[in-house]
Each structure stands twice: as C-alpha cells, then as structure tokens.
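Observations on chain architecture
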Amino acid sequence: METKKRVIITEKIDEEGIKVLQEALEADVCFNISREELLEKIHEYDALVVRSVTKVDEELLSRATNLKIVGRAGNGVDNIDLGAATQRGIIVANTPESNTMSAAELTIGMLLAQSRNIPQANTFLKSGKWDRSPFQGVELYNKTLGIVGLGRIGSLIATRMAAFGMKVIAYDPYIADERFERFKVEKIERLEDLLRTADFITVHTPKTKETFGMIGEKEIEIMKDGVRIANVARGGIINEKALMEGLKSGKIASAGLDVHEKEPCYGNPLFELDNVIVTPHIGADTKEAQENVGITVAQQIVNALKGEIVPNAVNLPAIHRDELMAIRPYIELLEKLGKIYYQLYQEPIEFVNIDYWGNIAAQDVEMITIAFIKGLLEPVVEDKVNYINAKLVAEQRGIRVEQQKIKEHYDGYMDFIEIKIRNKKGTFVLGGNLSSKRQGKLVKIQGYEVDVNPSDYMLFIQNMDVPGVIGNIGKILGQEHINVATMQVGRNAKGDMAMMVLNIDDEVNQETLRKIMDIENVLWAKGIKL
Ligand SMILES: NC(=O)C1=CN([C@@H]2O[C@H](COP(=O)(O)OP(=O)(O)OC[C@H]3O[C@@H](n4cnc5c(N)ncnc54)[C@H](O)[C@@H]3O)[C@@H](O)[C@H]2O)C=CC1
Ligand SMILES: O=C(O)CCC(=O)C(=O)O
C-alpha cells in the first residue's frame, strides 16, 4: 500500500480544513509546536500549513528536505521567505480571496470605533462611572477617507464607506485608472497629497521593502490635525515610534491597530495610550473567513501533492482554472519538447526564445514557457527542477529566456509554438501545436516538417534522402525486437538531407544506435526518453 504523504499544521485552522487534510494525507496537528521542535521534525513532511506566526525562513526551509508546499492559511506571506522557497522548488500558496471581507469589516469597525470612542466609553461605563462629555466623537458623513492600497480589501472598504457619505480618495501607483473609476474613488497621484487631505487614513498594502515604514514622522507631520488612522494590514507600514509621538502630541486624534510591528505583541507602549484601540491580529478571525481559509488551504495542499497546478501559488504566475484548462495540453507538450534538446546536444544553451503564434497568443502563456524550461533542465540539473524554480534555475545557469506573442497565424496553423534554442554553434528549432483532438504534436524540427505525438521512447535520425536507408533502419530495429509505432520523414527536397522521427515501444541501446549510424547515408542517430 502506498504510504500517505504527510502534512504538519502549526497554527489553528478551521476543523473542516483539517478534515480535508486528514482524508487525503497523514496530518499532524501541532498548534503549539515550538520553533526548535519544528526545526527538528520538518524534514519528515511533504507539506506545511501556517498562518502568520510561524516563521518559514531560510533556516527552516534548509531543513525541509521533503517539503513540496507551504500553505498559508490567509493572505500576507511576509512570514515566509519566498526567495528561499522558490530556490528549493517549494510552492508557497495562500488563500487571498478567503478573508478579505472579514479584514475589510474589521477596518470599518476600527473607523467607527474611533469616530465615536466606543471602546473607551465601554470601559468607562463598566467601571461604574457615567459621563458623556469625554466621549464626544465626530461623524464619518462628509469626511474624507484616504485609502493607501486599493487592492482587494481597500476596494471593499471604498464602496462600503461611500455608503456612509464619505468622500473616498486613494493612493495606489500600481493599479490601472479603470480600477479607481470602477470603485468611484478619486485617484491621488502622490501619497503626500492623500495625507494632507484625509480626515481618516487606512492602509491596505502588503508589507514590502517599499511599504515598511512608508508612513513615518515626516508623513505624519503633513497630515491634518486630528486625523484618525487605521492599520489592519501589517505592523510597521506605519512606523510605531512616529505614530506614538503623533498620538501623544494630539496631532493624531486616534489610531486603530490590528497588526503590530512585532507579533505576538506584549507590553507595547502604544497599548497604554487611551486614544489607541488595539486587537491581536484578528482581521481574519470570523467563522466565515476561517472556514473559507481552512478549506481552501487544505484543498490546495492536497492538489499540489497530487501534482496538480495550484491556482493560488504565489511563486507561480497567477492563473485562473479555466485558463489553465485551455492551455494544459500545451503545458504537457512543451514540457516534453523541452526534454529533447539535451538528449540530442551537449552544447550549453545561451538563449531560449519561444514565439506563440495565432490563437494561443491570446492566452496567458507564462506557464507554458515555464513547462518548457522545466523539461529542458530536469534531465541535466542535479537539484530538483519544477514549475516553481525552473526560470530561476535557468537564470542561474546563464540561460536567457524570452517569449513573444504574435497574433498572426504561422504558415496556416491556427496555433503554433516555435522554440528557438541558441548555443554557441547555432540555433536548434522546434515547433509544436495541437491535433484536432487537442493532443500535443511535434510539427517542426530544425527546418523539417513532421507530425509526431511525442511518446516515451523516440528515435531521431538525420540521413541523406536516398533509397534504402529507411529499409535498413527498419531491419536493424526488427532484429533488436524494437517495435516501431510511427515513423515520419521530413525532407526539404528530393535527395537532400532528411530528418526521421520514430515513436518506438522500447528504449534503444547504444549498440543498436551504433548499428544504425553504420548504415550508409546516416549522419547521426539518437535515442530519446521523454
Ligand atoms: N489583519 C488581518 O488579519 C489581515 C490582513 N491582511 C493584509 O491586508 C493587506 C492588503 O490585503 P489585500 O487587499 O488582499 O492585498 P492586495 O494585494 O489585493 O492589495 C494590495 C494593494 O496595495 C497596493 N500597493 C502595493 N504597494 C504599494 C505602495 N507602495 N503604495 C500604495 N499602494 C501599494 C497594490 O498595488 C495593491 O493594489 C495585506 O498586507 C494583507 O496581508 C489581509 C487579510 C487579513
Ligand atoms: O489570520 C491570520 O492568520 C492572519 C490573517 C492575515 O493577516 C492575512 O491573511 O494576511
């Protein structure tokens, strides 16, 4: 019986998600595992499920010798060293759509709680006192809300706060104007202009080198007096020291923080200020979000371990399931075609160029290119090469990879993929497309036209196009009990050079190849395993 693959879950995820994992895998639920214990055990696992607390860094990954996937039950992947995971071919997959509504609603809670001092008034009354005057607030109506980062969560907040009668403005230099128009948000070109005009500011960017500390002392200085700020994105996007000063001086009326520079966070001086509302990173802690997140992360783990492509892999191009189905036969074909080159030539590659012609040019072809590079490098690279690290491994070996999309049809083909592999001595060219049954075919090799479904074992032979060669090859293969499934001969002119491509049922050994090469008018012969 095949042993089940193993997953370790180091932070609390929903029961339903755990069930999905337990049905397909051997799942170890270790919510309270220490860092030391995890470092000790991680080599035993094929998959790891984390939330935001487990640090998946170089040290952990270097010991994770069997790990294929890290599932992030949530959105932000700032606790995971993506570079180190990619280098090792480990998929990192998150669940970006699953908790956005909950995070948006908590942010709105932070804005409302600040505008009416709800937590402070609650504590006051429960301590046995009655007084209204310390809690006079402000209305949201007619105020300006400045959103930094108009992505999934920022845009949910924009539409909801517009319903409160707020004027919504946003700064996000990385999205198209169309997105601002769609959400009826005024686009602000410079962060400082948003900071100068907003009565309420909320940040919704990822934590990156660029956004960490993007709001500091200088930025707070130019804000409106009495501004109110929310951070439900990541601690440190607003510098905590500068925030503290702003809150103490009264420049900032209040802040609502779900996230903290250091988490778990204890005894932060910000927690002592009355005008600060804090929560322990609970943005995604709703029944709905946790169910969504838990089930989604579990399904991704199970699929990835079955070898299926994971739609939310953050270290792979994002691709929708329907798009993936449309290009899947090309992915399979190009991975096979990739395996041909190094079995024919030992020449180091300088450059790979893939041209996508015709209808296929309308698709997102990045995964197809990656599949080719994976196939190309897998037979010659000692380390694991997969979809995750293929391009990185190519880059590290000095292979430049480019792709072009060309809308025109190539030579009457509806779709055509042309691959050019350049080495110091010249360029090797392959062409592929799909049959009417959507089966991948090799239709061009060097200048020769063929029509071959790549099979496990193949034979490539270059010869002069003269009588007798085909018969002699057939005779030798027959003597060696190697069955020929199909044979294609591509030639450009009668009597010229020709290329033979054979699908055979078994591997040819060196002795048989030598016999074939001894046939008069055969230039070379190579057996290939795909
Ligand atoms: N508190 C919590 O429990 C939760 C927090 N989050 C966090 O919320 C944040 C936003 O999440 P999503 O909206 O799903 O992400 P998203 O990726 O959909 O949107 C982020 C937006 O920020 C923009 N951006 C990036 N760099 C920027 C910069 N320098 N200046 C301005 N805009 C910039 C991007 O263009 C993008 O539109 C993330 O940090 C995520 O980790 C998400 C879920 C729950
Ligand atoms: O609930 C969690 O694990 C953290 C949620 C979060 O911050 C995220 O999804 O980015």
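Residues numbered from 1 in each chain as written. Chains lettered and ligands numbered in written order. Predicted model: local features only at pLDDT ≥ 70, side-chain atom pairs only at ≥ 80, totals over all residues.

- As recorded in an unreviewed UniProt entry, the protein chain goes by the name D-3-phosphoglycerate dehydrogenase, listed as coming from Anaerosolibacter carboniphilus.
- Entered under Pathway (unreviewed entry) in the UniProt record, the comment concerning the protein chain runs "Amino-acid biosynthesis; L-serine biosynthesis; L-serine from 3-phospho-D-glycerate: step 1/3."
- Quoted verbatim from the Sequence similarities (unreviewed entry) field of UniProt, the annotation for the protein chain is "Belongs to the D-isomer specific 2-hydroxyacid dehydrogenase family." (UniProt positions renumbered as here; feature names shortened; annotations may be inferred.)

**Thoughts on the overall build of the protein chain**
- When its secondary structure is counted, the protein chain shows 18 helices and 22 strands.
- On C-alpha atoms alone, the protein chain measures out to a radius of gyration of 30 Å, which is more than a quarter above the 24 Å that the 2.2 N^0.38 rule sets for 530 residues.
- Within the protein chain, buried positions represent 41% of all 530 residues.
- When contacts within the protein chain are restricted to residue pairs at least 6 apart in sequence, long-range pairs at least 24 apart make up 65% of them. (Helix = DSSP H or I, 4+ residues; strand = E, 2+ residues; numbered from the N terminus. Rg over C-alpha atoms; globule rule 2.2 N^0.38 Å. Buried ≥ 20, exposed ≤ 12 C-beta atoms within 10 Å, placed from the backbone. Contact = placed C-beta atoms within 7 Å.)

**Considerations on the site of ligand 2**
- Taken together, Arg 51, Ser 52, Gly 74, Asn 75, Gly 76, Asn 99, His 281, Gly 283 and Ala 284 make up the full set of residues near ligand 2.
- When grouped by side-chain class, the residues that make up the shell around ligand 2 number one nonpolar, seven polar and one charged. (Near = placed C-beta within 6 Å. Nonpolar A, V, L, I, M, F, W, Y, C, P; charged D, E, K, R; others polar.)

**Structural notes on the site of ligand 1**
- Gly 76, Gly 149, Gly 151, Tyr 174 and Gly 283 are the nearest of the 32 residues found near ligand 1.
- Only α5 (100–116) and α7 (152–162) provide two or more residues apiece to the shell around ligand 1.
- With three residues, α7 is the largest single contributor of residues to the shell around ligand 1.
- Looking at the shell around ligand 1, its residues break down into 14 nonpolar, twelve polar and six charged.
- No fewer than three residues from each of domain 1 (6–98 + 288–305) and domain 2 (100–278) sit in the shell around ligand 1. (Domains from an automatic or database assignment.)

**What about the nonpolar core?**
- Residues Val 49, Ala 170 and Ile 301 are the most contacted members of the largest nonpolar core, which totals 143 residues.
- Sorting elements by how many residues they give to this core places helix α12 (residues 287–305) first, with nine residues.
- Aside from chain neighbours lying at most four places away, what touches Val 49 is Val 7, Ile 9, Thr 10, Ile 13, Gly 71, Ala 73, Val 297 and Ile 301. (Core = buried A, V, L, I, M, F, W, Y, C linked by C-beta atoms within 7 Å.)

**Side note on α5**
- An ideal rise of 1.5 Å per residue puts 24 Å on 17 residues; α5 measures up with 25 Å between its terminal C-alpha atoms.
- Listed as buried for α5 are Thr 100, Ser 102, Ala 103, Ala 104, Leu 106, Thr 107, Met 110, Leu 111, Ala 113, Gln 114 and Ser 115. (Expected span 1.5 Å × (residues − 1).)

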